[in-house]
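One letter stands for each residue in the lines below.
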Amino acid sequence: MNQHISYPEGGEKIKIDGDRIVVPDNPILGYVEGDGIGPDITAACMRVWDAAVEQAYGGKRKVHWAELFMGEKAAGLYDGDYFPEETQRALEDLVVSIKGPLTTPVGGGFRSLNVALRQKLDLYACVRPVRHYAGVPSPLKHPEDVDVVIFRENTEDVYAGIEYQSGAEDNKKFADFLKNEMGETFWEDAGFGVKPISPFGSKRLVRKAIQYAIDHNRESVTLVHKGNIMKFTEGAFRTWGYEVARDEFGEHTITEEELYSTYGGKRPEGKIVIKDRIADIIFQLMLLRPNEFDVLATMNLNGDYLSDACAAEVGGIGIAPGANMSDNVAVFEATHGTAPKYAGQDKVNPGSLLFSGVMMLEYIGWQEAADLITAAYQKVVTNGIVTYDFARQIEGATEVKTSQFGDAIIDQMRGKVDLEKYQQQREEAIEQERKEREERRVKNPLEEMVASGRIPHTVGDLMNPGPVSVPASTTVEDAMHLMRERRISSVICQPESDGGEWGIMTQRDVLSRIVSANRSPNSVKVGEVATRPLVTVQVDMTLHDCAEKMSTGNIRRVVVMDANNQPVGIISDTDIFASVEQFGLPE
């Protein structure tokens, strides 16, 4: 029996069927009004969401809202309880909800209501899409290049709250254990925090990120980590992420190494590229080359920093949406604070909560309504109709109240938005960007690795893929023509029989064995000139080991073989030289 929460008549609850949600045309969705500016922005946003659903579906679909209570409003109703058990049950029962900003109680209890919410409902994934809308003020020269979705692990890392305060008895016990049992050294009276990172927590987060990329036609998923320093926590996160991609999504994914080594920089249709970047480098790259990244999967602390930093690139946290999700239950939220000094003034930007509602509509499969809001928002802001925070940054802007901004979006949705044109333009822009990136990867792979932050480690990273091979019976003259046309310095000679050996014929071989010997190129077969057996390396050999093998054998190039012992590339001393000059010695 609920004490203060009641579900509206005429609505149906969302059901869970296996690993998916089943949404009726009249779903009951929960909402928490929020504290401070929460009532102002929630009222405006609910009108916009309802209008979008009405406009998109002509009355055939409708949200039935159930108010839930957290924060100060809950404390007033539940004798000081900021997060009542009744609300927790309702959030799980309704499956999908949205909330405004909440005040964390002072003087004990929760460290954070948001953290408590995530932990109690096991909402392990914080999902933050970040993209720019034309007309929104930004510190970047090209903010339109930013379009990324960040998946931040919510339950582990330093946010697990395992800490030992300097001077406390448990701190002394912990310090004694580390020193005497584990042989660690550190300054006296140090405080301690424990950073748990598990295969379970890491894999389910990466799994959700990859599935999102597949469902939303994204190009890549980047694992963000500091594994070069914290090898057994952040390094393990990277390793487990690649394992998920390989073991569970093998038919949908390729690694970035395979993108270059196997496919020559061309992403196969429908494949998601799995890559990784060091945490400090990704901050730089999201400023310099943001369009290189599509979906980011991060641990808790890195994701906290990164999501707010990226939001600053496209207009600030005031318009940054977000959601906290488990496998099915999702709570969408305004990502900013309560701004109590503006409470009740009908003044602030509702963008964060508004777009969190767009995410919510997308989550329940109502894409048409979500797109209506996005297109209308773009039109309103482009016309210079904005709240005070943007008005002071845009010359000639028309400053409006929170409620009036909602009215302007509704007016656009009800007659002036060409949704089909908006969707087409966005799809064309995304496709054009992808083509340009692919052309750069194919034309200048090493330069693209440098620009996109990838550091070569293996021969597969640097090799020239797709070596040209010819039958042993090909004349040297024909092979020479082919080499000149393709602008290559060698060809691979195919085995003359089953179980035979591969060979290689280089320009030097032609000079030393044909020209200097005064033999006619049109009367000699490649099989007679090719060097056998090939000196080969495996695609995953380190650059250090490859360089050592080339030096020992006094050779300038080797052929790269795949797991089936088929040639897939050639790497030369020039390739390794260029890599070391650009990146330094590989780890």
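Look above for the structure.
The structure contained in this document is the topic of the report that follows. Note that the structure is predicted; figures quoted are calculated from it, not measured. (Residues numbered from 1 in each chain as written. Predicted model: local features only at pLDDT ≥ 70, side-chain atom pairs only at ≥ 80, totals over all residues. Heavy atoms only, no water.)

**Description of the overall build of the protein chain**
Filter applied, for reference: Numbering of helices and strands runs from the N terminus, with a helix taken as a DSSP run of H or I at least four residues long and a strand as a DSSP run of E at least two residues long. When a residue's accessible area, from a 1.4 Å probe over protein chains only, is under 20% of the maximum for its type it is buried; when over 50% it is exposed; and in between it is partly exposed. The criterion used for residue contact is that any of the two residues' heavy atoms lie within 4.5 Å. Residue burial considers only the protein chains on display, and all accessible areas are found by Shrake-Rupley using a 1.4 Å probe. Positive residues here are Lys and Arg, negative ones are Asp and Glu, while His and the chain termini are left out of the count. Note that the charge is assigned to NZ on lysines, CZ on arginines, CG on aspartates and CD on glutamates.
For the protein chain, the count of helices and strands is 22 helices and 24 strands. Oriented by its inertia axes, the alpha-carbon framework of the protein chain measures out at about 100 × 70 × 50 Å. A total of 587 residues make up the protein chain; the buried ones form 50% of that total. For the protein chain, restricting intrachain contacts to residue pairs at least 6 apart in sequence, the fraction spanning at least 24 positions comes to 71%. Per element, the accessible surface of the protein chain, about 28,000 Å² overall, is 48% carbon and sulfur. Charge separation in the protein chain, taken as the distance between the mean sites of 63 positive and 90 negative side-chain charges, equals 3 Å.

**Some remarks on the nonpolar core**
As a reminder, the rule being used: Among buried residues, those of type Ala, Val, Leu, Ile, Met, Phe, Trp, Tyr and Cys that are joined through side-chain atoms within 4.5 Å constitute a nonpolar core.
Formed by 83 residues in total, the largest nonpolar core has its most connected members in Y377 and M413. It is helix α1 (residues 38-57) that provides the largest number of residues to this core, a total of nine residues. One finds I28, Y78, L91 and L102 within the second-largest nonpolar core, a separate group that totals 21 residues.

**Looking at the side chain of T458**
We count it as follows: Pairs of N or O atoms within 3.5 Å make up the polar contacts considered here, provided that, within protein, one atom can donate a hydrogen while the other can accept it, and that residues adjacent in sequence are counted only when both atoms are side-chain atoms.
Assignment of secondary structure puts T458 in the loop between α16 (445-452) and α17 (459-462). Only 3.5 Å separates the side chain of T458 from the side chain of E257, close enough to count as a polar contact. Once you skip the residues sitting within four places of it in the chain, T458 turns out to touch E257, V539, D540, M541, T542 and L543.

**Focus: the sheet that holds strand β21 (residues 503-506)**
Let me state the cut-off plainly: One bridge is not enough; two strands pair if DSSP finds at least two bridges between them. All axes here are fitted lines through C-alpha atoms, helices being fitted over the stretch that makes contact, and every angle between N-to-C directions spans 0 to 180 degrees.
Reading across from one edge, β19-β20-β21 is the order of the three strands in this open sheet, with mixed pairing throughout. Each edge of the open sheet carries a strand with a single partner, namely β19 (469-470) and β21. This element, helix α18 (residues 476-486), spans β19, β20 (490-493) and β21 of the sheet and lies at about 70° to β21.

**Thoughts on the layout of surface pockets**
Worth spelling out the cut-off: The definitions used throughout rest on a 1 Å grid laid over the protein atoms alone, on which a cavity is an enclosed set of points accommodating a 1.4 Å probe that cannot get out and a pocket is an open set flanked by protein within 12 Å on both sides along at least five of seven lines; lining residues are those having an atom within 4 Å of a point. Grid points are joined across faces, edges and corners, and a volume is the space filled by probe spheres set on the points. Asp, Glu, Lys and Arg are counted as charged, while Ala, Val, Leu, Ile, Met, Phe, Trp, Tyr, Cys and Pro are counted as nonpolar; the rest, among them Gly, fall into the polar class.
Considered as a void within the structure, the second largest pocket measures approximately 1,200 Å³ in volume. Around the second largest pocket, the lining is made up of 40 residues, and of these R238, Y242, E257, D276 and R454 lie nearest the centre. Only α7 (234-248), β11 (253-255), α8 (256-261) and β12 (272-278) provide two or more residues apiece to the lining of the second largest pocket. With seven residues, α7 is the largest single contributor of residues to the lining of the second largest pocket. Split into classes, the residues belonging to the lining of the second largest pocket amount to 14 nonpolar, 13 polar and 13 charged.

**Points about the sheet that holds strand β24 (residues 567-572)**
In space, the four strands of this open sheet follow the order β18-β24-β23-β22, with mixed pairing throughout. Two strands lie at the open edges of the sheet, namely β18 (464-465) and β22 (536-538), each paired on one side alone. With five bridges joining them, strand β23 (residues 557-561) and β24 adopt antiparallel strand pairing. The partner of V558 across the bridge, within β24, is I571. Against the sheet, helix α21 (residues 543-553) touches β22, β23 and β24, its axis set at about 75° to β24. Taken strand by strand, helix α22 (residues 573-583) contacts β18 and β24, and its axis lies near 65° from that of β24.

**Observations concerning the packing of helix α12 (residues 367-382) against helix α14 (residues 402-413)**
Stated formally: The scheme is simple: roughly parallel for angles under 35 degrees, roughly antiparallel for over 145, roughly perpendicular for 65 to 115, oblique for anything else. In this scheme, a crossing is called left-handed if the near helix is turned counterclockwise away from the far one by less than a right angle; it is called right-handed if the turn is clockwise.
Across the interface, α12 lies against α14 with an axial gap of 8 Å and an inter-helix angle of 115°. Comparing their axes, α14 and α12 come out roughly perpendicular. Relative to α14, α12 is oriented so that their crossing is right-handed. Here L372, I373, A376, Y377, K379, V380 and V381 of α12 lie close against α14, whose contacting residues are F405, A408, I409, Q412 and M413.

**So, the pattern of salt bridges**
How we decide: For this document, the term salt bridge refers to a Lys or Arg side-chain nitrogen within 4 Å of an Asp or Glu carboxyl oxygen.
Applying the stated rule across the entire model yields 34 salt bridges. Counted as one network, the salt bridges with shared partners bring together E219, R267, E433 and R437.

**Some points on empty space enclosed by the protein**
Overall, the coordinates contain one cavity of 30 Å³ or more when judged by the stated rule. Every residue along the wall of the largest cavity is listed here: V32, E33, G34, E67, L68, F69, M70 and K73. Its residues placed into classes, the lining of the largest cavity shows four nonpolar, one polar and three charged.

**Comments concerning the packing of aromatic side chains**
Put simply, the test is: Within 6.5 Å between ring centres, the rings of Phe, Tyr and Trp (the latter by its six-membered ring) count as paired, and their orientation is classed by plane angle as stacked under 30 degrees, edge-to-face over 60, tilted in between. Here, over-ring charges are defined by two tests on the NZ atom of lysine or the CZ atom of arginine: distance to the ring centre within 6 Å, and angle to the ring normal within 35 degrees.
Applying the stated criterion across every chain, the model contains 14 aromatic pairs. A centroid spacing of 5.7 Å and a plane angle of 35° characterise the contact between W49 and W65, whose relative ring orientation is tilted. Remark: W65 occurs in strand β4 (residues 64-68) and W49 occurs in helix α1; sequence separation between them is 16 residues. The exposure class assigned to W49 is buried, which follows from its relative accessible area of 2%. Three or more aromatic residues link up through ring pairs in this structure, and these residues are Y133, F355, Y377 and F405. A cation over an aromatic ring shows up here: R61 above the ring of Y57, its NZ or CZ 4.6 Å from the ring centre.

**Quick look at unusual backbone geometry**
Residue P533 is bonded to the preceding R532 through a cis peptide linkage, with omega at -10°. Within the secondary structure, P533 is located in the loop between α20 (526-529) and β22. For D346, which is not a glycine, the phi torsion comes out positive at approximately 55°. Tracing the backbone through its elements, the reader meets D346 in the loop between β15 (330-334) and α11 (351-363).

Geometric descriptors of this kind do not, in isolation, establish any biological role.
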